[in-house]
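Tertiary structure, described
Letter by letter, the chains look like this.
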Amino acid sequence: MTEIEFNQAASTTLARIEQVLEDADLDFETPADGIIEVEFDDGSKIIINRHGVAREIWVAARSGGFHFKPQGAGWVDTKSGEPLHDKLAALIAAQGGVMVRF
């Protein structure tokens, strides 16, 4: 995957995540290109960002940090192989008590 292909795929994925967060009426900000910060009622955050050097999408949550690499039409955890959208939905449910669907 070239850098251009990575950036396009990551931007598409991050835009989809933003749309789902907006639809779920979750509080989030995009402080810079490629970064999404989701804040919950208890003040905790989940941060999702594009990491160009590693060509991965990284997620930082209260329960830990996760790296997702492109695979096929999606993104999978580099350790567990779990799809990004499944893991992110589980993290949002666990940390914020909100169910989302990607």
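Look up a bit, the structure's there.
What counts, and at which threshold
- Residues numbered from 1 in each chain as written.
- Predicted model: local features only at pLDDT ≥ 70, side-chain atom pairs only at ≥ 80, totals over all residues.
- Heavy atoms only, no water.
- Pairing = 2+ DSSP bridges.
- Helix = DSSP H or I, 4+ residues; strand = E, 2+ residues; numbered from the N terminus.
- 1 Å grid on protein atoms, 1.4 Å probe; cavity = no way out; pocket = protein on both sides within 12 Å on 5 of 7 lines; lining within 4 Å.
- Points joined across faces, edges and corners; volume = space filled by probe spheres on them.
- Nonpolar A, V, L, I, M, F, W, Y, C, P; charged D, E, K, R; others polar.
- Axes fitted to C-alpha atoms, helices over the stretch in contact; angles between N-to-C directions.
- Salt bridge = Lys/Arg side-chain N within 4 Å of Asp/Glu carboxyl O.
- Buried < 20%, exposed > 50% of the residue type's maximum accessible area, 1.4 Å probe, protein only.

**Re the pairing of strand E6 (residues 74-77)**
The side chains of a regular strand alternate, residue by residue, between the two faces of the sheet. Bridge analysis of strand E5 (residues 64-71) against E6 gives four bridges, and the strand direction is antiparallel. When the bridges of E6 are listed, phenylalanine 68 appears paired with aspartate 77. Counted between consecutive antiparallel strands, the loop separating E5 from E6 contains two residues, among which glycine 72 sits at a positive phi close to 60 degrees.

**Describing the layout of surface pockets**
One simple way to see leftover space: roll a probe sized like a water molecule over the atoms. Approximately 180 Å³ is the volume attributed to the largest pocket. Contributing to the lining of the largest pocket are 13 residues, with Thr13, Gly72, Ala73, Gly74 and Trp75 lying nearest its centre. Of all the secondary structure elements, the ones that give two or more residues to the lining of the largest pocket are helix H1 (3-23), E6 and helix H2 (84-96). Each residue belonging to the lining of the largest pocket can be placed in one class, and the counts come to seven nonpolar, five polar and one charged.

**Points about the sheet that holds strand E1 (residues 27-29)**
With respect to topology, six strands assemble into an open sheet ordered E1-E2-E3-E4-E5-E6, the strand pairing being antiparallel. Strands at the two margins of the open sheet, each flanked by one partner only, are E1 and E6. The mean angle between the axes of side-by-side strands here comes to 20 degrees, regardless of whether they run parallel or antiparallel. Pairing of strand E4 (residues 56-61) with E5 involves five bridges; the strand directions are antiparallel.

**Quick look at the pattern of salt bridges**
All told, the structure shown has three salt bridges when counted by the stated rule. Note that lysine 45 and glutamate 37 form a salt bridge whose closest N and O atoms lie 3.4 Å from each other. Between aspartate 42 and arginine 62 there is a salt bridge, with its nearest N and O atoms 3.0 Å apart. In this pair, aspartate 42 is assigned in the loop between strand E2 (35-39) and strand E3 (45-51) and arginine 62 in the loop between E4 and E5, connecting sequence segments 20 residues apart. A residue is classified by how much of its surface remains accessible, and arginine 62, at 53% relative accessible area, is exposed.

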